[in-house]
Amino acid sequence: MRQSLFRDKYRDKLTVPGFARVEVVETSPSTNAELVTAIRSDPAGWPAPSALVAEHQTAGKGRAGRSWETPARAGLTVSVLLRPQVPAEALGWLPLLAGLAVVRAVSDGGVTAAVKWPNDVLLPAVDTIAGLGLYRKVAGILAQVVPEAESTPGSEALAVVLGIGLNVSQSAEELPVPTATSLALAGYPRPDRTDVLVRLLGEVHAVVRRWEQAGGDAAAAGLLDEYTAVSATLGTRVRAELAGGAGTVAGEAVGLDRSGALVVRTESGEERTVTAGDVWHLR
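This structure is a prediction, so every number in the text was calculated from the model and none was measured.

Rules behind the numbers
- Residues numbered from 1 in each chain as written.
- Predicted model: local features only at pLDDT ≥ 70, side-chain atom pairs only at ≥ 80, totals over all residues.
- Heavy atoms only, no water.
- Helix = DSSP H or I, 4+ residues; strand = E, 2+ residues; numbered from the N terminus.
- Buried < 20%, exposed > 50% of the residue type's maximum accessible area, 1.4 Å probe, protein only.
- Contact = heavy atoms within 4.5 Å.
- Areas by Shrake-Rupley, 256 points an atom, 1.4 Å probe, with all protein chains shown as cover.
- Pairing = 2+ DSSP bridges.
- Axes fitted to C-alpha atoms, helices over the stretch in contact; angles between N-to-C directions.
- Phe/Tyr/Trp six-rings, centres within 6.5 Å; stacked < 30°, edge-to-face > 60°.
- Lys NZ or Arg CZ within 6 Å of the ring centre and 35° of its normal.
- Expected span 1.5 Å × (residues − 1).
- Polar contact = N/O pair within 3.5 Å; in protein donor to acceptor, adjacent residues only side chain to side chain.

Peer 1: Any chance you could explain the overall build of the protein chain here in plain terms?
Peer 2: Helices and strands together make up the secondary structure of the protein chain, namely four helices and 14 strands. In the protein chain, buried positions account for 49% of the 283 residues. The long-range fraction of contacts in the protein chain, counting pairs at least 24 apart against all pairs at least 6 apart in sequence, stands at 61%. In the form shown here, the protein chain has an accessible surface area of approximately 12700 Å², with 52% of it arising from carbon and sulfur atoms.

Peer 1: Would you mind showing me how to read the sheet that holds strand S7 (residues 120-129) here?
Peer 2: Sheets are built from strands paired through backbone hydrogen bonds, the pairs being either parallel or antiparallel. Here we have seven strands laid out as an open sheet, ordered S1-S2-S5-S9-S8-S7-S6, and mixed in their pairing. In this open sheet, the two edge strands, each paired with only one partner strand, are strand S1 (21-28) and strand S6 (114-116). The average undirected angle you get between the axes of adjacent strands in this sheet is 30 degrees. With six bridges joining them, S7 and strand S8 (residues 133-146) adopt antiparallel strand pairing. Each bridged residue has a counterpart across the sheet, and for Leu 123 the counterpart in S8 is Arg 136. On the sheet, helix H1 (residues 31-41) packs against S1, strand S2 (50-57), strand S5 (75-82), S8 and strand S9 (159-167) and is oriented at approximately 30 degrees with respect to S5. Packed on one face of the sheet, helix H3 (residues 193-213) meets S1, S2, S5 and S9 and runs near 30 degrees to S5.

Peer 1: Would you mind showing me how to read the packing of aromatic side chains here?
Peer 2: Given two aromatic rings, their pairing is described by the distance between the two centres and the angle made by the two planes. In this structure the tally under the stated criterion is one aromatic pair. With a centroid separation of 6.2 Å and 85 degrees between ring planes, the pair formed by Trp 93 and Tyr 227 is classed as edge-to-face. Note that Trp 93 is positioned in the loop between S5 and helix H2 (94-107) and Tyr 227 in helix H4 (residues 223-229), a separation of 134 residues in sequence. In this structure, Trp 93 and Tyr 227 share a single accessibility class: buried. Note that Arg 21 overlies the ring of Trp 46, its terminal NZ or CZ placed 3.7 Å from the centroid.

Peer 1: Looking at this structure, I do not really get the environment of Ala 74. What am I missing?
Peer 2: Of note, Ala 74 is situated in the loop between strand S4 (67-68) and S5. Between the C-alpha atom of Ala 74 and that of Glu 174, which follows or precedes it by 100 residues, the distance is 9.1 Å.

Peer 1: Is there a simple way to think about H3 in this case?
Peer 2: At 3.6 residues per turn, the α-helix brings residues three or four places apart onto the same side. Counted at 1.5 Å a residue, the expected span for H3 with its 21 residues is 30 Å, and the 30 Å between its end C-alpha atoms agrees. Every buried residue belonging to H3 is among Arg 193, Thr 194, Val 196, Leu 197, Val 198, Leu 200, Leu 201, Glu 203, Val 204, Val 207, Val 208 and Trp 211, and all of these are buried. Along its buried surface, H3 packs onto S1, S2, S5, H2, S9 and H4. Here H3 starts with a cap whose side-chain oxygen sits 3.0 Å from the backbone nitrogen of Thr 194, and that cap is Asp 192. Immediately downstream of H3, the backbone of Gly 215 shows phi near 70 degrees, a positive value.

Peer 1: Would you mind going over unusual backbone geometry with me for this structure?
Peer 2: Of all residues except glycine, most have a negative phi; of all peptide bonds, most are trans. The peptide bond linking Ala 48 to Pro 49 adopts the cis configuration, its omega dihedral lying at -5 degrees. Structurally, Pro 49 is set in the loop between H1 and S2. The omega torsion of the bond from Trp 117 to Pro 118 falls at 0 degrees, within 30 degrees of zero and hence cis. Phi at Arg 73 is positive, roughly 60 degrees, even though this residue is not glycine. Considering the arrangement of structural elements, one finds Arg 73 in the loop between S4 and S5.

Here is the structure:
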């Protein structure tokens, strides 16, 4: 039987250093949607950083409105409220920094993880699959900016809800697609969701704080180098399917710009900047 995050012996561990509030609920259709609603109704009750965690999320939202669901108490579904003290043009880095935080959190368990631009975390696999190569997806990230009118009164920073879904103990049969995996399937030793959650929130707080201290400059904070070191996308041939049906861009992923956008060098030598869209890794 899967264990709950409510276990008494772990209650004190859910007081995460640096976080003003960590709330755990039994069920939520979508922690992102629920947290946005909570901010609107009681902004003072959710100081940043805070987190809302669900034991079971029944209608999670991913990029481009995609929905997903995981078995109860098998994964981590957490939404983090941030009010980043950085220029608005730097906010594109948030899903990338969240991916770096996930990699750092799960690496404590001996698992070698990688980030896929812009919002996925991958684990190595033994066989190839289209779009991912020798990887499978273990986590997805969704950043949602809350309009200024819904931010805390008196705050100059926008509120951002950062949703993270991490597969922890799912079996192969419980995963929704063959491109997915879980920490358990990857050999993570006895993954404990509470331990992973506490490490994850700690890493999110650490990377975001460094980013803020550098004024939103990921390179100056050393985070660009750290992200590059764990990227499965940079240095590979990719095809980017641009958002809104704006076509595709194919070539080598050669870097990131100051906003976190992906720079792709095409066969003609032209460098194209991709700000949003689905990215496929090519052989």
